[in-house]
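Reading the structure
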Amino acid sequence: MEKLLEVKDLEVSFKTYAGEIKAVRGVSFDINKGEIVAIVGESGCGKSVTAQSIMRLIPMPPGIIKKGSIIFEGRDITKLSEREMEHIRGSEMSMVFQDPMTSLNPTMKVGAQIAESLIKHQKMHSKEAWKKAIEMLKMVGIPNAEKRANQYPHEFSGGMRQRAMIAIALACNPKLLIADEPTTALDVTIQAQILDLMRDLQKKLNTAIIIITHNLGVVANLAERVLVMYAGKIIERGNLDDIFYNPRHPYTWGLLMSVPTPDLDKSKKLASIEGTPPDLFAPPVGCPFAPRCEYAMKICYEKYPEEFTVSDGHSVACWLMHPLAPKVKPPVGKGVTLS
Amino acid sequence: MMVEGMPLVEIKNLKKYFNVGRGAVLKAVDNVNLQIREGETVGLVGESGCGKTTLGRTIVRLYEPTAGEVLFEGKNVHKLAGQQLKEFNRKAQMIFQDPYASLNPRMTVRDIIGEGIDIHGLYKNKERTERIYELLSLVGLNKEHANRFPHEFSGGQRQRIGIARALAVEPKFIVCDEPISALDVSIQAQVINLLMELQQKLKLTYLFIAHDLSMVKYVSDRIAVMYLGVIVELATSEDLHKKPLHPYTQALLSAIPIPDPETERKKKRILLEGDVPSPINPPKGCRFVTRCRYAKPICTEQQPELKEVEKNHFVACHLY
Ligand SMILES: Nc1ncnc2c1ncn2[C@@H]1O[C@H](COP(=O)(O)OP(=O)(O)OP(=O)(O)O)[C@@H](O)[C@H]1O
Ligand SMILES: Nc1ncnc2c1ncn2[C@@H]1O[C@H](COP(=O)(O)OP(=O)(O)OP(=O)(O)O)[C@@H](O)[C@H]1O
Ligand code: SF4
Ligand SMILES: [Mg+2]
Ligand SMILES: [Mg+2]
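Residues numbered from 1 in each chain as written. Chains lettered and ligands numbered in written order. Predicted model: local features only at pLDDT ≥ 70, side-chain atom pairs only at ≥ 80, totals over all residues. Heavy atoms only, no water.

1. Regarding the overall build of chain A
As a reminder of what qualifies: A helix here means a DSSP run of H or I that spans at least four residues, while a strand means a run of E at least two residues long, and both kinds are numbered starting from the N terminus. Radius of gyration: over C-alpha atoms. The globule rule applied is 2.2 Å multiplied by the number of residues raised to the 0.38 power. Each residue gets one of three labels from its accessible area relative to the maximum for its type: buried under 20%, exposed over 50%, partly exposed in between, using a 1.4 Å probe on protein chains only. Any two residues whose heavy atoms approach within 4.5 Å are treated as being in contact. Note that accessible areas follow from Shrake-Rupley with a 1.4 Å probe, and for residues the cover is restricted to the protein chains shown. For the charge count, each Lys or Arg is scored as positive and each Asp or Glu as negative, with His and the chain ends excluded. By convention, the charge on Lys lies at NZ, on Arg at CZ, on Asp at CG and on Glu at CD.
Tallying secondary structure elements over chain A gives twelve helices and twelve strands in all. Taken over the C-alpha trace, chain A has a radius of gyration of 21 Å; the compact-globule value for 339 residues is 20 Å, and the two agree within 12%. The dimensions of chain A, computed from C-alpha atoms along their principal axes, are 70 × 50 × 45 Å. Of all 339 residues assigned to chain A, the portion counted as buried reaches 59%. Across chain A, contacts joining residues at least 24 apart in sequence account for 63% of those joining residues at least 6 apart. For chain A, the exposed area adds up to about 13,900 Å²; of that, 54% sits on carbon and sulfur atoms. Averaging the positions of the 42 positive and the 38 negative side-chain charges in chain A gives two centres separated by 2 Å.

Here it is, written out as structure tokens:
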């Protein structure tokens, strides 16, 4: 397998008047060509910031990349000039954002926004670009594409804006597509179509996809590998089955146990992970999950756990994996029902 | 749990059309009838763009209806004025779908949550501050967050600020427009547990718009399924899941992604073929006809009416 992207020891902070928010605290991972990797984890844990760093879209200031490198096809993104980066963005890698309204241009017709990217990166003529734009809108399932192309983003529903964003991102056949919550605003039938669309793209064009989502159903449907983040760190990583059937980190257990399934019992409260994630102004030295972890030991508060290998490609940053730690039976996984 | 009670909200023949230029009219909500009883949660699901948000916004007076009316505690909300209007604006709240666009970027979290408290004169000074902290902790944020601005928060955190703002004025009825889509599952569970707890404690009534059908089923007493501006099915959440009648509902339920890789690998979905029609020129007969596997000649001719085919189970489809 050929590596497309290599993120090494990435640290990203935001300097605010109240102090430094350490949003990403030493994250390393690889993405191979044509691979679909999901990033999951609690709200605020640094998923979007990681993605924005790869696209070099962190607002600076207040943001700074404090450390690390991001190698995309042999080039270190963190060292490129803005002009070089602009060329890569939209043509070689593109992103579908979590918030379609702030990333679509409100003063520009939706069709023109897609066409613009094609004119800029594919050097298409405007007529040809407009035709392709309409084609793209059709491809993402927008009815009346000819008419819709002439409308402004505020005239679209939430889900249609999301699809328009996906059309823009896919227009130039990127090598890497980063999709940040691409289907949260969509109903499940359209969501299924978008997931199929992404899978098609990967198969046909060998596009690598990083998908960030809260929906573990979507992960189970689409991803090949999963990175679980917590408080700015990757705390568990593995292939799809490792994470769903042999999870090892107590946070991953909590995550899997809180997933809603169609046969939830209404008379019971939903399982959730009690407590709140740590303050990223002053992240703890030890395991950031310790205050919420029912298995926490003394060492958990004192030292950040190293990544222990469970099997090839499956590793976990948790002291429970230490040979001297007490044996704990995972509450979820193979043979354990989720609800 | 079926709540038998007075309807708190009555939606009668409600239409909301948008002029979209060159004489074209977009029928976002087209003749919707629905009653929401006091203390009840009605789930509202349906395709993106089918009019859920528009319906919600019209109910809470963010839009004037094109035709029809919305009664709240028996009064037409679009005709309210003076003190009654102010009361309605307190009692009926909306949690917005887009946590980015709905928070004023120049206000601190403290002021965003405090605004409603001030307008309605609910708490002052120290009590106001305490109330704000209480609301923050209720939604899983803390005091330290009070002086920050919306752009300093992640998507999920912003959504929780929106929820705290809605709860601040002690409403009776909340339109929850995808309140949990932007949240991770554990916080989703916390927010849902919170919304349910508050419902019991404060006898709240919800219209709950969401795409996550498992969650909608869990929170709702009844579920309304919308397609292209109309309600196509309405039933208790149990009945809807056990025995979906409308072909669109059936497709919707089959498409729920299940958080289990093996199930997903094996799963057969009902794939919806055909174009999603436009609400600008909706099909003449049944609005689902262009994508329906069972369509008969009559379906292209005549729009089916929403009728009760089993007790408390309504469907708009010529098959029944
Ligand atoms: N522009 C910014 N200024 C200050 N802090 C920021 C900024 N952008 C992000 N942060 C902070 O960085 C942390 C990580 O945010 P990020 O958006 O990556 O979270 P996330 O994992 O994507 O969460 P969600 O699932 O809610 O979208 C958060 O604590 C957030 O408050
Ligand atoms: N202000 C507006 N002007 C013109 N058209 C609008 C306006 N607001 C909504 N629409 C249109 O009305 C229809 C219904 O939109 P609405 O936002 O209610 O859908 P929704 O069911 O909430 O969808 P989603 O699940 O994607 O949020 C869509 O076709 C949309 O394009
Ligand atoms: S390292 Fe310790 S605190 Fe952290 S998850 Fe593992 S057991 Fe829990
Ligand atoms: Mg995010
Ligand atoms: Mg909506």
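2. Topic: the overall build of chain B
Helix and strand counts for chain B stand at eleven helices and twelve strands. Considered along the principal axes of its C-alpha atoms, chain B spans approximately 70 × 50 × 45 Å. Counting the 320 residues in chain B, one finds 60% classified as buried. For chain B, restricting intrachain contacts to residue pairs at least 6 apart in sequence, the fraction spanning at least 24 positions comes to 62%.

3. Quick look at the sheet that holds strand β5 (residues 75-76) of chain B
Residues and elements named next belong to chain B. Short version of the rule: Should DSSP find at least two bridges between two strands, the strands are taken to pair. What counts as an axis is a line fitted to C-alpha atoms, over the stretch in contact for a helix, and the angles between N-to-C directions run from 0 to 180 degrees.
Read across the open sheet, the four strands follow the order β2-β1-β4-β5; overall the sheet is antiparallel. Every other strand in the sheet has two partners, leaving β2 (25-37) and β5 as the edge strands with one partner each. Examined bridge by bridge, strand β1 (residues 7-19) and strand β4 (residues 67-72) share five bridges and lie antiparallel to one another. Paired with K15 across the bridge in β4 is A67. Sheet strands in contact with helix α1 (residues 52-59) are β1, β2 and β4, and its direction is about 120° off that of β1.

4. Details of the sheet that holds strand β11 (residues 307-310) of chain B
All names here are of chain B. The strand order across the open sheet built from eight strands is β6-β7-β8-β3-β9-β10-β12-β11, with neighbouring strands paired in mixed fashion. Unpaired on one side and paired on the other, β6 (92-95) and β11 mark the two borders of the sheet. Here the average twist between neighbouring strands, direction ignored, is 20°. As judged from the four bridges shared by β6 and strand β7 (residues 173-177), these two strands associate in the parallel manner. Opposite Q93, over in β7, you have I174 as the bridge partner. Strand contacts of helix α6 (residues 185-202): β3 (41-46) and β8 (205-209), with the helix running at about 155° to β8, the strand carrying the most contacts.

5. Points about the site of ligand 3
Convention followed: Throughout, the term near means that a residue has one or more heavy atoms lying within 4 Å of the molecule or strand in question. Nonpolar residues are Ala, Val, Leu, Ile, Met, Phe, Trp, Tyr, Cys and Pro. Charged residues are Asp, Glu, Lys and Arg, and all others, Gly as well, are polar.
In the vicinity of ligand 3, the residues found are A:H249, A:P250, A:C287, A:F289, A:A290, A:C293, A:Y295, A:A296, A:C300, A:C318, A:W319 and A:L320. Taken together, the residues of the shell around ligand 3 sort by class into eleven nonpolar, one polar and no charged.

6. With respect to the interface of chain A and chain B
The test is simple: Definition used for salt bridges: Asp or Glu carboxyl oxygen within 4 Å of a side-chain nitrogen of Lys or Arg. Side-chain atoms alone can form a polar contact between residues adjacent in sequence; in general such a contact is a pair of N or O atoms within 3.5 Å, and within protein one must be able to donate a hydrogen while the other accepts it.
Contact with chain A, which involves 67 residues of that partner, is made by 65 residues of chain B. If you look at where chain A meets chain B, you find two salt bridges. Across the chain A-chain B interface, the total number found is ten residue pairs in polar contact (both at pLDDT 80 or more). For the side of chain A that touches chain B, the secondary-structure elements that each account for two or more residues are α3 (100-103), α6 (145-148), α7 (158-170), α8 (188-205), α9 (216-222) and α10 (240-245) of chain A. Among the elements that take part in the side of chain A that touches chain B, α8(A) stands out by supplying seven residues, more than any other. Class assignment for the residues of the side of chain A that touches chain B results in 25 nonpolar, 25 polar and 17 charged.

7. Section: the nonpolar core
Quick reminder of the rule: Residue types Ala, Val, Leu, Ile, Met, Phe, Trp, Tyr and Cys, when buried and joined through side-chain atoms within 4.5 Å, form a set referred to as a nonpolar core.
If you look at the biggest cluster of nonpolar residues, it comprises 112 residues, and the most contacted ones within it are A:L5, A:F29, A:I54 and A:L176. Ranked by residue count, the leading element in this core is α7(A), at seven residues. With sequence-adjacent residues up to four places away left out, A:I54 is seen in contact with A:L5, A:V7, A:F29, A:I70, A:I77, A:M85, A:M93, A:L176, A:I178 and A:I210. Core analysis: the second largest hydrophobic core is formed by 65 residues, A:V188, B:L204, B:M215 and B:I256 among them.

8. Re the domain arrangement of chain A
Residue and element names in this part refer to chain A. What counts, and what does not: For each domain, the first and last residues come from an automatic or database assignment. By convention, the term buried area covers the 1.4 Å-probe accessible surface removed from two parts as they join, with the contributions of both added.
For chain A, the assigned domains are domain 1 (1-92 + 175-339) and domain 2 (98-173). If you look at the interface, domain 1 gives 19 residues, while domain 2 gives 14 residues. Interface area, domain 1 with domain 2, both sides summed: about 1,400 Å², of which 64% is carbon and sulfur. Inspection of the domain 1/domain 2 interface yields zero salt bridges. Where domain 1 touches domain 2, the interface holds one residue pair in polar contact (both at pLDDT 80 or more). Breaking the side of domain 1 that touches domain 2 down by element, the ones donating at least two residues are α2 (82-88), β7 (176-180) and α8. A per-element tally of the side of domain 1 that touches domain 2 places α8 first, with five residues.

9. Examining the pattern of salt bridges
Counted by the stated rule, this structure contains 39 salt bridges over all chains. The partner of A:E92 in a salt bridge is A:K175, and the shortest N-O contact between them spans 3.6 Å. Placement of the pair is A:E92 in the loop between α2 and β6 (93-96) and A:K175 in the loop between α7 and β7, with a sequence separation of 83 residues. With a relative accessible area of 14%, A:E92 lands in the buried category. B:E38 is paired through a salt bridge with B:K172; the nearest N and O atoms lie 3.4 Å apart. Separated by 134 residues along the polypeptide, B:E38 in the loop between β2 and β3 and B:K172 in the loop between α5 (155-168) and β7 bring together distant segments of the chain. Taking relative accessible area as the criterion, B:E38 reaches 27% and is therefore assigned partly exposed. You can call B:K172 partly exposed: its relative accessible area is 24%.

10. A short note on the state of the cysteines
Condition: Disulfide: a pair of cysteine sulfur atoms within 2.5 Å of each other.
Taken as a whole, this structure holds zero disulfides over all chains when the rule is applied. For A:C45, which is in no disulfide, the shortest distance to another cysteine sulfur is to A:C287 and amounts to 14 Å.

11. Considerations on the packing of helix α4 (residues 110-121) of chain A against helix α5 (residues 126-139) of chain A
Residues and elements named next belong to chain A. Where we set the bar: Reported orientations rely on four angle classes, namely roughly parallel under 35 degrees, roughly antiparallel over 145, roughly perpendicular from 65 to 115, and oblique for the rest. Crossings are sorted by hand: turned counterclockwise from the far helix by less than a right angle, the near helix makes the crossing left-handed, and turned clockwise it makes it right-handed.
Here α4 crosses α5 at 120°, and the two axes come no closer than 8 Å. Taken together, the axes of α4 and α5 are oblique relative to one another. Two packed elements cross with a definite hand, and for α4 against α5 that hand is right-handed. For the pair α4 and α5, the contacting residues are V110, G111, A112, I114, A115, L118 and I119 in the first and S126, A129, W130, K132, A133, M136 and L137 in the second.

12. Side note on unusual backbone geometry
Each neighbour pair has its own omega, and for A:M60 with A:P61 the value is -15°, a cis peptide bond. By secondary structure assignment, the location of A:P61 is in the loop between α1 (47-54) and β4 (63-72).

13. Overview of the environment of B:Q199
Residue and element names in this part refer to chain B. Mapped onto the secondary structure, Q199 falls in helix α6. For the pair Q199 and P247, spaced 48 residues apart in the sequence, the C-alpha separation amounts to 32 Å. Apart from residues lying up to four places away in sequence, Q199 is in contact with G39, E40, T41, L204, T205 and Y206. Polar side-chain contacts of Q199 include one of 3.3 Å to the backbone oxygen of G39.

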